[in-house]
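# Inside the fold
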Amino acid sequence: MITAAKLRSHTVKDLAASAKKKGIPGWHAMRKEDLVRALVGKARSDEAKRRRAKGTDDASQPPKVVAKRSNGAAPKADEPVASKNGNGKTNGNGAENHGEKPKRSYRTERRLREIRSQLTQSKDLSFRSNGNGQEYEKDRVIVMVRDAYWLHAYWEVTRQSVSRARAALGQRWHGAIPVLRLYQMANDNTTSSERKIVRDVQVHGGVNNWYLDVDHPPMSFQVDIGYLAGDGSFLGLARSNVVVTPQSGSAGSGDGNWDGVAEDFDRIYALSGGYDETGGRSDLKALFEERLRRPMGSPTVTRFGLGAQSMSRSRQQIPFNVDAELIVHGVTDPHAHVTLKGEPVRLESDGTFSVRLNLPDRRQVLPVVASSADGVEQQTIVLAVERNTKTMEPIIREPDV
């Protein structure tokens, strides 16, 4: 007899193979303890069937009913003899009928219901409510830029949309999985013809946000949410806004979900297309206003409110000036001699150096020369730097209505 202790000594892979061989339903979704219980239960069920079958064979056979001819003579040796089965019915060759199917145990039926419920929930993108016990009113997916290599996608999907997707996919629904489809956009166009599929990211029910890692900043991205069928066809439910990741190394805020967004909302809102005048940002604006409890519009309105914008019109033009400096730094042998544009540079004890220079509006060529202490070896690195400053005309923004 198979015991639970013996089964626990096997790996999950071996237990799954045994369960598959014995025809245990739902084995592919079971954990190790579930597989052990199912195999033990199967072994007990098989043993009980063998005992019942053995008891039937050893029991005395029911008496045969001999059919007599109309003239009272017994039938011939080669004629079939009718016999009664367990239900009182007879067949033509004396064999009993066993047409009843074996019934599943209560534990097996409960486990099957749990597996079916888990599979349904894992595919239901509308599984969670909006936090107030109410269902979502429309489908939307919103993408926010966290830094040069991470996007944060947030979505809301109605139950009606999931039902329509199930009906549209038909038999393919059973093999379909919920995914976020990530697109790379052309820098100068955001039409669907300029979109390139980067990859499909599988998600599951019970959540409404996901982090996506991206490469090659700066780059424009867009996300669709929907179901990917086994044949490769994709059924989209909602499409996100277009976002642009910043240059690698630019300043960014740490992660903290909406706490981090609140601390750096202006930057994240701008990178996520909030100030884009081409449109398609209403869902993003509504989400920010809902979660941050503040108006989102032009940078002036977003940061200070409508009163600040109206007040700014009655004031004179604000003073605004921007300048830039250049820092040249490097490392060499602590005993070497370094010059920048022919002037000596002081080295730290570890051989590092740093020089701060003005950066005028023109092109500069800066030769940096390092010579060994004995003067035998010399290395030169030339930096070419250009600054071009342009002052734009001021823009007076109208408040969002």
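Use the structure listed above.
Residues numbered from 1 in each chain as written. Predicted model: local features only at pLDDT ≥ 70, side-chain atom pairs only at ≥ 80, totals over all residues. Heavy atoms only, no water.

### What to know about the overall build of the protein
- Scanning the protein for helices and strands turns up ten helices and 16 strands.
- Split into buried and exposed, the 401 residues of the protein put 31% on the buried side.
- Of the contacts formed within the protein by residues at least 6 apart in sequence, a portion of 57% connects residues at least 24 apart.
- Counting every atom, the protein has about 27,000 Å² of accessible surface; 50% of that belongs to carbon and sulfur. (Helix = DSSP H or I, 4+ residues; strand = E, 2+ residues; numbered from the N terminus. Buried < 20%, exposed > 50% of the residue type's maximum accessible area, 1.4 Å probe, protein only. Contact = heavy atoms within 4.5 Å. Areas by Shrake-Rupley, 256 points an atom, 1.4 Å probe, with all protein chains shown as cover.)

### Topic: the environment of Val-201
- Here Val-201 lies in strand β6 (residues 196–202).
- Once the C-alpha coordinates of Val-201 and Val-179 are considered, the two residues, 22 residues apart in sequence, prove to be 5.2 Å apart.
- Non-local contacts of Val-201, meaning those with residues more than four positions away in its chain, are made with Pro-178, Val-179, Leu-180, Trp-210 and Leu-212.

### So, helix α4 (residues 106–123)
- The end-to-end C-alpha distance of α4, which contains 18 residues, comes to 26 Å, matching closely the 26 Å that a straight helix rising 1.5 Å per residue would cover.
- Looking at α4, one finds that the buried residues are Arg-111, Leu-112, Ile-115 and Lys-123. Buried residues along α4 cover an arc of 100 degrees about the axis, so they all sit on one side. The exposed set on the far side of α4, more than 90 degrees from its buried face, consists of Tyr-106, Arg-107 and Thr-120. (Expected span 1.5 Å × (residues − 1). Arc of directions from axis to C-beta.)

### Quick notes on the sheet that holds strand β7 (residues 209–213)
- Taken in spatial order, the three strands line up as β3-β4-β7 in an open sheet, and their pairing is antiparallel. This sheet does not close on itself; its edge strands, each paired only once, are β3 (140–147) and β7. Adjacent strand axes in the sheet meet at a mean angle of 25 degrees when their direction is disregarded.
- Relative to strand β4 (residues 150–156), β3 is paired through seven bridges, and the arrangement is antiparallel. From the neighbouring strand, Ile-142 faces β4, where its bridge partner is Tyr-154. (Pairing = 2+ DSSP bridges. Axes fitted to C-alpha atoms, helices over the stretch in contact; angles between N-to-C directions.)

### Observations regarding the packing of aromatic side chains
- Throughout the structure, instances matching the rule amount to one aromatic pair.
- A cation sits over an aromatic face here: Arg-181 above Phe-234, 4.4 Å from the ring centre. (Phe/Tyr/Trp six-rings, centres within 6.5 Å; stacked < 30°, edge-to-face > 60°. Lys NZ or Arg CZ within 6 Å of the ring centre and 35° of its normal.)

### Observations regarding the pattern of salt bridges
- The final tally for this structure, using the stated rule, is 16 salt bridges.
- With its nearest N and O atoms 3.0 Å apart, the salt bridge here joins Glu-156 to Arg-140. Of this pair, Glu-156 sits in strand β4 while Arg-140 sits in strand β3, and the two are 16 residues apart along the sequence.
- Judged by its relative accessible area of 8%, Glu-156 falls in the buried class.
- Ionic pairing is found between Arg-172 and Asp-231, a salt bridge with its closest N-O pair at 3.5 Å. (Salt bridge = Lys/Arg side-chain N within 4 Å of Asp/Glu carboxyl O.)

### Some words on the sheet that holds strand β13 (residues 343–345)
- Strand order in the open sheet formed by four strands is β13-β12-β15-β16, with antiparallel pairing between adjacent strands. Where the open sheet ends on each side, the last strands, each with one partner, are β13 and β16 (378–386). Sheet twist, expressed as the mean angle between neighbouring strand axes with direction ignored, is 25 degrees.
- Sheet analysis places strand β15 (residues 363–371) next to β16, joined by nine bridges and oriented antiparallel.

### Structural notes on the nonpolar core
- Leu-125, Leu-151, Trp-155, Leu-180, Leu-212, Ile-225 and Tyr-227 are the most contacted members of the largest nonpolar core, which totals 27 residues.
- Secondary-structure elements contributing two or more residues to this core are β3, β4, α5 (159–169), β5 (177–185), β8 (220–228) and β9 (234–239).
- A per-element tally of this core places β8 first, with four residues.
- Core analysis: the second largest hydrophobic core is formed by 13 residues, Val-338, Phe-353, Leu-359 and Val-385 among them. (Core = buried A, V, L, I, M, F, W, Y, C linked by side-chain atoms within 4.5 Å.)

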